[in-house]
Amino acid sequence: GVATNYLKALQPGEKAQIAIKKSHHSFHLPGENSRPVIMICAGTGIAPFRGFVEERAVKIGAGQKLAPAVLFVGCKNKDQDRLYAEQFDKWEKIGAVEMFYAFSQEPESSVGCKYIQGRIATEKGRIFDLFAQNAKVFVCGSSALGTGVKEVMIRIFTAKFRQEGIQKKEEEMEEWFNGLKVQERWSSDVFG
């Protein structure tokens, strides 16, 4: 990413100025166990979600009942780029998360989806189900990912509303999306 390339270009003896910022107060798992969670990331954007899912696994281990959580992950290759694959596989088996991958260089391994936006569209039924249960959505990755996820969510929900006989204009859908942020149902940490 941006930081990796910057650090790689530094010469021995050069100094790097680094600032660490706290995540936004809304970028934390919901306090109530009954609220579903939708997490969407690509590349190193998986980092906060590893912590989220680990926390859910600990709660399950303590006997707590949790609402569903899904994690959409975009990466290049199935065998080389599934960060923390063993942990996520273990956590998926105990019900802490349901995983959906999009492999850009192996779409045949991710139900034909090359990018995360395609995987979201393919799994829209699951998204609609969780939204109906007041799910909170988290997005982490590049700003391009954030824009692409917003666009696909607006597109699939516009179609859903249309199926229900509700016609919404582009401006109304933008307002709907902004309302998700105001209600803290949508939280993103995007960079680059």
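None of the values given here were measured: they were computed from a predicted structure. (Residues numbered from 1 in each chain as written. Predicted model: local features only at pLDDT ≥ 70, side-chain atom pairs only at ≥ 80, totals over all residues. Heavy atoms only, no water.)

Caption draft 1: How the structure looks around the overall build of the protein. The number of helices and strands found in the protein is 7 helices and 5 strands. Helices (α) and strands (β) of the protein occur, in sequence order from the N terminus, as α-β-α-β-α-β-α-α-β-α-α-β. Taking 16 Å as the expected radius of gyration for a compact globule of 192 residues, we find that the protein reaches 18 Å, a close match to that expectation. Seen along its three principal axes, the alpha-carbon backbone of the protein occupies a region of about 65 × 45 × 40 Å. In the protein, which comprises 192 residues, the share counted as buried stands at 40%. Of the accessible surface of the protein, which amounts to about 11,200 Å², a share of 51% is contributed by carbon and sulfur atoms. On the protein, the mean spot of the 27 positive side-chain charges and the mean spot of the 23 negative ones are 2 Å from each other. (Helix = DSSP H or I, 4+ residues; strand = E, 2+ residues; numbered from the N terminus. Rg over C-alpha atoms; globule rule 2.2 N^0.38 Å. Buried < 20%, exposed > 50% of the residue type's maximum accessible area, 1.4 Å probe, protein only. Areas by Shrake-Rupley, 256 points an atom, 1.4 Å probe, with all protein chains shown as cover. Lys, Arg positive; Asp, Glu negative; His and termini not counted. Charge placed at Lys NZ, Arg CZ, Asp CG, Glu CD.)

Caption draft 2: How the structure looks around helix α6 (residues 143–163). In this model, α6 (21 residues) spans 30 Å end to end at C-alpha, consistent with the 30 Å of a helix rising 1.5 Å per residue. Taken together, the buried positions of α6 are occupied by Leu145, Gly146, Gly148, Val149, Val152, Met153, Ile154, Ile156, Phe157, Thr158 and Phe161. Turning to α6, the residues buried within the fold contact β1 (37–42), α4 (116–122), α5 (124–132), β4 (136–142), α7 (170–182) and β5 (186–191). A positive backbone phi angle near 85° is found at glycine 165, which sits one or two residues after α6. (Expected span 1.5 Å × (residues − 1). Contact = heavy atoms within 4.5 Å.)

Caption draft 3: Examining the pattern of salt bridges more closely. In total, this model carries 8 salt bridges according to the counting rule given. Among the salt bridges present, the one from lysine 59 reaches glutamate 55, with a minimum N-O distance of 3.9 Å. Separated by 4 residues within a single helix, lysine 59 and glutamate 55 lie in helix α2 (residues 47–61), roughly one turn from each other. Its salt-bridge partner being glutamate 164, residue lysine 160 comes within 2.5 Å of it at the nearest N-O pair. Each of the salt bridges in this network shares a partner with another, and the network as a whole consists of Glu98, Arg126 and Asp129. (Salt bridge = Lys/Arg side-chain N within 4 Å of Asp/Glu carboxyl O.)

Caption draft 4: A look at a negative patch on the surface. Together, Glu170, Glu171, Glu172 and Glu175 make up a negatively charged patch on the protein surface. Along the chain, glutamate 175 falls in helix α7. Relative accessible area serves as the criterion here: at 61%, glutamate 175 is assigned to the exposed category. (Patch = residues over 30% accessible without salt bridge, like charges linked within 9 Å, V, L, I, M, F, W, Y side chains within 5 Å.)

Caption draft 5: Up close: empty space enclosed by the protein. What the rule picks out here adds up to 1 cavity of 30 Å³ or more. Estimated volume of the largest cavity: approximately 70 Å³. Together, Leu29, Pro30, Glu32, Asn33, Arg35, Val37, Arg56, Lys59 and Leu66 line the largest cavity. Here the lining of the largest cavity is built from residues that sort into 4 nonpolar, 1 polar and 4 charged. (1 Å grid on protein atoms, 1.4 Å probe; cavity = no way out; pocket = protein on both sides within 12 Å on 5 of 7 lines; lining within 4 Å. Points joined across faces, edges and corners; volume = space filled by probe spheres on them. Nonpolar A, V, L, I, M, F, W, Y, C, P; charged D, E, K, R; others polar.)

Caption draft 6: Local environment of the nonpolar core. Of all hydrophobic cores here, the largest spans 28 residues; its most connected members are Ile38, Met153 and Phe157. Counting residues per element, the ones that place at least two in this core are β1, β2 (69–75), β3 (98–103), α4, α5, β4, α6 and α7. Element by element, the count of residues in this core is highest for α6, at 8 residues. Beyond its immediate chain neighbours, meaning those up to four positions away, methionine 153 contacts Ile120, Ile127, Phe131, Trp176 and Trp186. If you look at the next biggest cluster of nonpolar residues, it comprises 23 residues, including Ile46, Tyr101, Phe138 and Cys140. (Core = buried A, V, L, I, M, F, W, Y, C linked by side-chain atoms within 4.5 Å.)

Caption draft 7: Representation of the sheet that holds β3 within the structure. Strand order in this open sheet of 5 strands is β3-β2-β1-β4-β5, and the pairing throughout is parallel. Each edge of the sheet is formed by a strand with only one pairing partner; in this case those strands are β3 and β5. With direction set aside, neighbouring strand axes in the sheet form an average angle of 10°. Here β4 pairs with β5 via 6 bridges, running parallel. From the neighbouring strand, phenylalanine 138 faces β5, where its bridge partner is serine 187. (Pairing = 2+ DSSP bridges. Axes fitted to C-alpha atoms, helices over the stretch in contact; angles between N-to-C directions.)

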